[in-house]
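The primary structure of each chain is shown beneath.
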Amino acid sequence: MGLIVQKFGGTSVANVECVERVAGIIADTYHAGNNVVAVVSAQGDTTDDLIRKAKEINPKASKREMDVLLSTGEQISMSLLAMAIQKMDLPVVSLTGAQAGMRTDIAYGNAKIERIDTERLESEIGKGKIVIIAGFQGTNRYDDITTLGRGGSDTTAVAFAAALNADLCQIYTDVDGVYTADPRIVPDAKKLDEISYDEMLELASLGAQVLHNRSVEMAKRYSVDMEVLSSFQKAQGTKVKEVVGVEKMLIRGVARDNHVARIAIIGLPDRPGTVFQIFSRLGKAKINVDVILQSIGRDGTKDVSFTVDESNTENAVSILKEILPSLGGRSITHDSNIAKVSIVGAGMATNPGVAAKMFEALYQAGINIQMISTSEIKVSVLIERDEADRAVKIVHNAFHFGS
Ligand code: ADP
Ligand code: ASP
Ligand code: MG
């Protein structure tokens, strides 16, 4: 007998039929002799609908009130799922994030987990109950509701799996595993039997929505065995773990991020301290900067360009405008028509020529590369957003995943 944490995403609990299907998966796991803790997301597009409703009333609503609102989506799912399990005459209880002991920092809208108080949970599990927990939410030190950022229910599941020392954390979703590219963009993408934490973390951070990147980070830190699988069909999924078998695949996958904006500061004085001033100021405002490019100084001036998440563009530009006079720069430009396409794979560290192969494929397709960033296990290029899906297909094709 083991303890299994199972997470069900929005599509998996979208309607009555789906909720009943999920109740069946949980019941099967329970009947197989396991304790089950299930974490649920809001049904279908509920979270987006709630955001839309809030914007109709007040586009500048506080993040605190947004979290109060958004947390309700997961509460609907948890109670409906518990009711479906009650109908099967199985012992079950649903708990909000707060009731389940999820404690976070105070960053409304993007809170980080600080600790989990497991007493209540352990007592319910001890009574033999199936526990259903609302994903994506917790409470902070003011006893206010917080949410963990979009897609955060995956992180809730892994956090409970770690806190309860569960045997397995299963992420049930609308695809039957992690593929070499988003199967919605590349229909002949290949399902991976397994992937390492490091590769999955890169893929998730570079835009593969299938897992919240913080969930993978946490799984790695606490050595949680994770599996991504479908709630709609019985099939073997993808295992996410520390070490994976040696395969001939150089590249594990292609990812795309369409939420990128590029900002450039033109005509900066070519002297020490300039970039420090820029990025420390952005850092203080908690704006994450990704790819940075600095031109070679010429005639005493240089240009610096970098990318941010699109949602931070306005904030970043207004900060830069404020400090432009003291920086001595000429002007600021920004472009939101940008996407980042990346290849990820531990194999590339020891195989030269991988980046060149990606660049060649893009060149042959006439796609212009605006910026490049590399690490040991990834290569990312910034390109025009309208070309992003075509680029993913072309790059995927160049690496012969399908065969
Ligand atoms: P959930 O609501 O279950 O959390 P998400 O929509 O967040 O589901 O994530 C599942 C989606 O992730 C899939 O429908 C798929 O389109 C997308 N996706 C992106 N990249 C990949 C990938 N490499 N492998 C599988 N799915 C991916
Ligand atoms: N419901 C939240 C969202 O849509 C959390 C999640 O689904 O993981 O982002
Ligand atoms: Mg998700």
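First things first, this report covers the structure right here in the doc. Values in this document were obtained by computation on a predicted structure and should not be read as measured data.

### Things to note about the overall build of the protein
Part 1 of the reasoning: Counting secondary structure elements, the protein contains 11 helices and 18 strands.
Part 2 of the reasoning: Computed over C-alpha atoms, the radius of gyration of the protein comes to 23 Å, within 12% of the 22 Å expected from 2.2 N^0.38 for 403 residues, which places it in the range of a compact globule.
Part 3 of the reasoning: C-alpha extents for the protein along the principal axes are approximately 80 × 50 × 35 Å.
Part 4 of the reasoning: Relative to its 403 residues, the protein shows a buried fraction of 51%.
Part 5 of the reasoning: Within the protein, counting contacts between residues at least 6 apart in sequence, those at least 24 apart form 74% of the total.
Part 6 of the reasoning: Just so you have it, the protein exposes about 18,900 Å², and 49% of that area is on carbon and sulfur atoms.
Part 7 of the reasoning: Side-chain charges in the protein split into 44 positive and 51 negative, and the spacing between the mean points of these groups amounts to 3 Å.

### Comments concerning unusual backbone geometry
Part 1 of the reasoning: A positive phi angle, near 60 degrees, is found at Asp89, a position not held by glycine.
Part 2 of the reasoning: Examined against the element boundaries, Asp89 turns out to sit in the loop between α3 (63-86) and β3 (92-95).

### Comments concerning the sheet that holds strand β10 (residues 194-196)
Part 1 of the reasoning: Across the sheet, 8 strands lie side by side as β3-β6-β2-β1-β9-β11-β12-β10; this open sheet has mixed pairing. Among the strands making up the open sheet, the edge pair consists of β3 and β10. Direction aside, neighbouring strands of the sheet carry axes that sit 20 degrees apart on average.
Part 2 of the reasoning: Its contacts with the sheet put α3 on β2 (35-40), β3 and β6 (130-134), and the angle it makes with β6 is roughly 160 degrees.

### Quick word on the side chain of Arg252
Part 1 of the reasoning: Locating Arg252 in the fold gives a position in the loop between β12 (238-241) and β13 (253-269).
Part 2 of the reasoning: Among the polar contacts made by the side chain of Arg252, one reaches the side chain of Glu199 at a distance of 3.0 Å.

### Things to note about the site of ligand 1
Part 1 of the reasoning: Ligand 1 sits among 16 residues. The nearest are Thr173, Asp174, Tyr179, Asp182 and Arg184.
Part 2 of the reasoning: Within the contact set of ligand 1, an oxygen atom lies 3.2 Å away from a backbone nitrogen or oxygen of Gly10.
Part 3 of the reasoning: Between ligand 1 and the protein, one listed contact pairs a nitrogen atom with a backbone N or O atom of Tyr179 at 2.9 Å.
Part 4 of the reasoning: With the chains in place, 90% of the 570 Å² that ligand 1 exposes on its own is no longer accessible.
Part 5 of the reasoning: Taken together, the residues of the shell around ligand 1 break down into 7 nonpolar, 5 polar and 4 charged.

### A few points about the site of ligand 2
Part 1 of the reasoning: Around ligand 2, the structure places Ser41, Ala42, Thr47, Glu74, Phe136, Arg150, Gly151, Gly152 and Ser153.
Part 2 of the reasoning: Between an oxygen atom of ligand 2 and a side-chain N or O atom of Ser41, the distance comes to 3.1 Å.
Part 3 of the reasoning: For ligand 2, whose free accessible area comes to 260 Å², the fraction covered by protein is 87%.

### Focus on helix α8 (residues 274-284)
Part 1 of the reasoning: Of all the residues in α8, the buried ones are Thr274, Ile278, Phe279 and Leu282. Across the axial projection of α8, the buried residues extend over an arc of 110 degrees, all falling on one side. Of the exposed residues in α8, the ones pointing more than 90 degrees away from its buried face are Phe276 and Lys284.
Part 2 of the reasoning: The inward-facing, buried residues of α8 contact β13, β14 (289-294), β15 (301-309) and α9 (313-327).

### Here's the deal with the side chain of Gln6
Part 1 of the reasoning: On the secondary structure map, Gln6 appears in strand β1 (residues 3-8).
Part 2 of the reasoning: Within the local environment of Gln6, its side chain forms a polar contact with the side chain of Thr29, the two groups lying 2.9 Å apart.
Part 3 of the reasoning: Apart from the residues within four sequence positions on either side, Gln6 is in contact with Ile25, Ile26, Thr29, Val36, Val37, Ala38, Val39, Gln170 and Tyr172.

### Quick notes on the packing of α8 against α9
Part 1 of the reasoning: In contact at an axis separation of 10 Å, α8 and α9 are set at 145 degrees when each is read in the N-to-C sense. You can see that α8 and α9 cross each other, and the crossing is right-handed. Residue-level contacts link Thr274, Gln277, Ile278, Arg281 and Leu282 of α8 to Ala316, Ile319, Leu320, Glu322, Ile323, Ser326 and Leu327 of α9.
Part 2 of the reasoning: A class-by-class count of the residues in the contact of α8 with α9 yields 7 nonpolar, 3 polar and 2 charged.

### Some words on the nonpolar core
For soluble globular proteins, the rule of thumb is that nonpolar side chains tend to be buried together.
Part 1 of the reasoning: Val37, Leu121, Cys169 and Met200 are the most contacted members of the largest nonpolar core, which totals 43 residues.
Part 2 of the reasoning: Excluding its chain neighbours within four sequence positions, the residues that come into contact with Leu121 are Val37, Leu95, Ala100, Val131, Ile133, Phe160 and Leu164.

### Topic: the environment of Arg221
Part 1 of the reasoning: With respect to the element layout, Arg221 can be found in helix α7 (residues 213-221).
Part 2 of the reasoning: For the pair Arg221 and Tyr197, spaced 24 residues apart in sequence, the C-alpha separation works out to 9.5 Å.

### Some thoughts on helix α6 (residues 197-205)
Part 1 of the reasoning: For α6, the set of buried residues is Tyr197, Glu199, Met200, Leu201, Leu203 and Ala204.
Part 2 of the reasoning: Once α6 ends, the next one or two residues include Gly207, with phi positive near 120 degrees.

### A word on the pattern of salt bridges
Part 1 of the reasoning: Throughout the structure, instances matching the rule amount to 25 salt bridges.
Part 2 of the reasoning: For Lys191, the salt bridge is made with Asp176, and the minimal N-O distance between the two is 3.4 Å. Taken as a pair, Lys191 in the loop between β9 (168-173) and β10 and Asp176 in the loop between β9 and β10 lie far apart in primary sequence, 15 residues in all.
Part 3 of the reasoning: Judged by its relative accessible area of 12%, Asp176 is buried.
Part 4 of the reasoning: What you see here is one network of salt bridges that share partners, running through Arg120, Glu124, Lys127 and Lys129.

Basis of the calculations
- Residues numbered from 1 in each chain as written.
- Chains lettered and ligands numbered in written order.
- Predicted model: local features only at pLDDT ≥ 70, side-chain atom pairs only at ≥ 80, totals over all residues.
- Heavy atoms only, no water.
- Helix = DSSP H or I, 4+ residues; strand = E, 2+ residues; numbered from the N terminus.
- Rg over C-alpha atoms; globule rule 2.2 N^0.38 Å.
- Buried < 20%, exposed > 50% of the residue type's maximum accessible area, 1.4 Å probe, protein only.
- Contact = heavy atoms within 4.5 Å.
- Areas by Shrake-Rupley, 256 points an atom, 1.4 Å probe, with all protein chains shown as cover.
- Lys, Arg positive; Asp, Glu negative; His and termini not counted.
- Charge placed at Lys NZ, Arg CZ, Asp CG, Glu CD.
- Pairing = 2+ DSSP bridges.
- Axes fitted to C-alpha atoms, helices over the stretch in contact; angles between N-to-C directions.
- Polar contact = N/O pair within 3.5 Å; in protein donor to acceptor, adjacent residues only side chain to side chain.
- Near = heavy atom within 4 Å.
- Nonpolar A, V, L, I, M, F, W, Y, C, P; charged D, E, K, R; others polar.
- Arc of directions from axis to C-beta.
- Left-handed = near helix turned anticlockwise from the far one by under 90°.
- Core = buried A, V, L, I, M, F, W, Y, C linked by side-chain atoms within 4.5 Å.
- Salt bridge = Lys/Arg side-chain N within 4 Å of Asp/Glu carboxyl O.

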